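# Summary of the model geometry
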Amino acid sequence: MLLVSRVVWVLPDPIDFHLDPDRDNYAVMGNPVAHSKSPQIHLAFARQTSQSLNYQAILVPAGKFATAVLAFRDAGGRGLNVTVPYKQDAWRLTTTCTARAGIAGAVNTITFADSDEIKGDNTDGTGLLRDLERHTVPVTGSRILILGAGGAVRGILGPLLEKQPASVVIANRTVGRAETLVQEHTGCLNMQACPLDGLPAGGNFDLVINAISSGLQAELPALPDALISNQAYCYDMVYSDVETVFVRWARQHGARLALDGLGMLVEQAAEAFYIWRGVRPETAPVIAMLRRQSGVRSQE
């Protein structure tokens with residue numbers, strides 16, 4: 001029998017978990033986490049692939065992440081998804097990690113081995129690329145602008161660069177953070193950093209990716225009206241049950257295609273599911289289901 005919990009656990013002190021002893025237990029940890037669609041997504045994947053598991057969302061108070069992870073493992077948990085603000089904490093906690101997680105310096109997928117080993121991976125970049133490919137958005141040879149230089153960008157930058165874009169500009173309010181990312185990828189040609197208030201106008205970008213989380217609160221920094229052309233693709237890594245402010249801005253300014261991050265969310269979850277269960281679920285029906293439920297206009 002399949003059981004996926006939609007309950008959001010708030011960790012007491014000391015932490016005490018009540019996991020299902022008859023099923024493999026997984027969870028997403030973050031703060032906030034009540035909005036997370038991960039339980040619903042993994043429920044759909046489990047039904048589709050006839051997997052028996054329990055999945056719950058866990059709100060982790062500040063300063064309690066390592067304690068929560070170890071308690072979940074010791075209670076019999078098999079794996080975790082990690083969301084903001086704990087992805088870099090997860091990377092520091094893991095005992096081994098994949099190359100893509102190491103490059104990112106951030107982990108969003110944890111697997112507990114039979115020993116005390118804590119394996120870390122980062123599926124964000126893979127999720128983004130698969131969603132872009134699903135919409136036939138070109139990356140190789142494209143001129144890419146990334147808005148933001150936080151942990152979300154760390155997760156996607158390596159996989160994006162492997163696709164050999166023509167150039168990448170990282171724009172951030174604090175330009176030093178963008179410069180750090182550029183310096184960490186010094187072997188890559190045509191990368192540069194710039195301040196958000198120093199963005200060039202003129203439609204020189206083929207793909208603009210918004211990684212500024214404030215977009216979820218209907219806030220967006222002032223962007224030049226002529227930043228994109230009518231051939232540009234725009235992608236918001238944020239997802240919401242309402243149209244995000246960046247997607248709205250992109251459509252108002254004539255973007256060829258404007259997408260939010262729901263597809264990326266489902267695609268990265270599918271990669272995590274594959275890591276845990278060894279079976280790759282179909283993502284398109286799950287994305288379509290979530291779109292129908294939200295009612296957000298899309299170009300799926």
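Residues numbered from 1 in each chain as written. Predicted model: local features only at pLDDT ≥ 70, side-chain atom pairs only at ≥ 80, totals over all residues. Heavy atoms only, no water.

### Examining the sheet that holds strand 8 (residues 143-147)
By definition, the strands of a sheet pair up through backbone hydrogen bonds, in either a parallel or an antiparallel sense. Strand order in the open sheet formed by six strands is 10-9-8-11-12-13, with parallel pairing between adjacent strands. Of all strands in the sheet, those bounded by a partner on one side alone are strand 10 (191-195) and strand 13 (257-259). Sheet twist, expressed as the average angle between the axes of neighbouring strands with direction ignored, equals 20°. Relative to strand 11 (residues 205-210), strand 8 runs parallel, the two sharing four bridges. Among the inter-strand pairings, Leu147 is bridged to a residue of strand 11, identified as Asn210. (Pairing = 2+ DSSP bridges. Helix = DSSP H or I, 4+ residues; strand = E, 2+ residues; numbered from the N terminus. Axes fitted to C-alpha atoms, helices over the stretch in contact; angles between N-to-C directions.)

### Here's the deal with helix 9 (residues 262-277)
For helix 9, which comprises 16 residues, the first-to-last C-alpha distance of 22 Å matches the rise-based estimate of 22 Å (1.5 Å per residue) to within 8%. Burial analysis of helix 9 places 14 of its 16 residues in the buried class, which makes it a mostly covered element. Positioned one or two residues after helix 9, Gly278 has a phi angle of 75°, which is positive. (Expected span 1.5 Å × (residues − 1). Buried < 20%, exposed > 50% of the residue type's maximum accessible area, 1.4 Å probe, protein only.)

### Some thoughts on the packing of aromatic side chains
Counted according to the given criterion, the structure contains five aromatic pairs. Between Phe45 and Phe273, the ring centres sit 5.6 Å apart and the planes meet at 65°, which makes this aromatic pair edge-to-face. Of this pair, Phe45 sits in helix 1 (residues 38-49) while Phe273 sits in helix 9, and the two are 228 residues apart along the sequence. We classify Phe45 as buried; its relative accessible area is 0%. (Phe/Tyr/Trp six-rings, centres within 6.5 Å; stacked < 30°, edge-to-face > 60°.)

### Some words on the confidence of the model for the protein chain
Of the residues in the protein chain, 90% reach a pLDDT of 70 or more, and the chain-wide mean stands at 89. Low pLDDT (under 50) marks residues 1-7, which in the prediction has 26 contacts with non-local residues, meaning those over four places away or in another chain. (pLDDT = per-residue confidence, 0-100. Contact = heavy atoms within 4.5 Å.)

### Looking at the packing of helix 9 against helix 10 (residues 284-294)
One way to put it is that helix 9 packs onto helix 10 with a least axis distance of 10 Å and a crossing angle of 140°. With respect to each other, helix 9 and helix 10 are oriented oblique. In the packing of helix 9 onto helix 10, the handedness of the crossing is right-handed. Here helix 9 contributes Leu262, Gly263, Val266 and Glu267 to the contact with helix 10, which in turn contributes Val286, Ile287, Leu290 and Arg291. Its residues assigned to classes, the contact of helix 9 with helix 10 comprises five nonpolar, one polar and two charged. (Parallel < 35°, antiparallel > 145°, perpendicular 65-115°, else oblique. Left-handed = near helix turned anticlockwise from the far one by under 90°. Nonpolar A, V, L, I, M, F, W, Y, C, P; charged D, E, K, R; others polar.)

### Some words on the side chain of Thr244
Mapped onto the fold, Thr244 is located in the loop between strand 12 (228-236) and helix 8 (245-252). Reaching out from Thr244, the side chain makes a polar contact with the side chain of Asp236 at a distance of 2.8 Å. In this view, Thr244 contacts Asp236, Val238 and Asp260; residues no more than four positions away in its chain are not counted. (Polar contact = N/O pair within 3.5 Å; in protein donor to acceptor, adjacent residues only side chain to side chain.)

### Thoughts on unusual backbone geometry
The omega angle of the peptide bond from Asn31 to Pro32 is 5°, so this bond is cis rather than trans. Structurally, Pro32 is set in the loop between strand 2 (24-30) and helix 1. A cis amide bond links Val84 with the next residue in sequence, Pro85, at an omega value of 5°. For Pro85, the location among the structural elements is in the loop between strand 4 (79-82) and helix 3 (87-93). Residues other than glycine seldom take positive phi values, yet Gln164 does so here, at roughly 60°. Checked against the element boundaries, Gln164 lands in the loop between helix 6 (151-162) and strand 9 (167-172). On the basis of relative accessibility, which here comes to 58%, the residue Gln164 falls in the exposed class.

### A closer look at the pattern of salt bridges
Taken as a whole and assessed by the stated rule, the structure comprises 19 salt bridges. One salt bridge in this structure joins Glu271 and Arg100, with 3.1 Å as the shortest N-O distance. Residue Glu271 is located in helix 9, and its partner Arg100 is located in helix 4 (residues 99-104); the two are separated by 171 residues in the primary sequence. Residue Glu271 is classed as buried on the basis of its relative accessible area, which comes to 7%. Each member of the salt-bridge network shares a partner with another, and the members are Arg100, Asp121, Arg130, Glu271 and Arg280. (Salt bridge = Lys/Arg side-chain N within 4 Å of Asp/Glu carboxyl O.)

### What to know about the nonpolar core
In this structure, Leu160, Ile170 and Ile209 are the most contacted members of the largest nonpolar core, which totals 28 residues. Counting residues per element, the ones that place at least two in this core are helix 5 (124-134), strand 8, helix 6, strand 9, helix 7 (175-184), strand 11, strand 12 and strand 13. Discounting chain neighbours no more than four positions away, the residues touching Ile209 are Leu128, Ile144, Leu145, Ile146, Leu147, Ile156, Leu160, Tyr235 and Met237. (Core = buried A, V, L, I, M, F, W, Y, C linked by side-chain atoms within 4.5 Å.)

### Remarks on the packing of helix 6 against helix 7
Two numbers describe how helix 6 lies on helix 7: the axes approach to 12 Å, and their chain directions differ by 25°. Taken together, the axes of helix 6 and helix 7 are roughly parallel relative to one another. Between helix 6 and helix 7 lies a crossing whose hand is right-handed. When helix 6 is examined against helix 7, the residues Val153, Arg154 and Leu157 are found in contact with a partner set consisting of Thr180, Leu181 and Glu184. Residues of the contact of helix 6 with helix 7, tallied by class, amount to three nonpolar, one polar and two charged.

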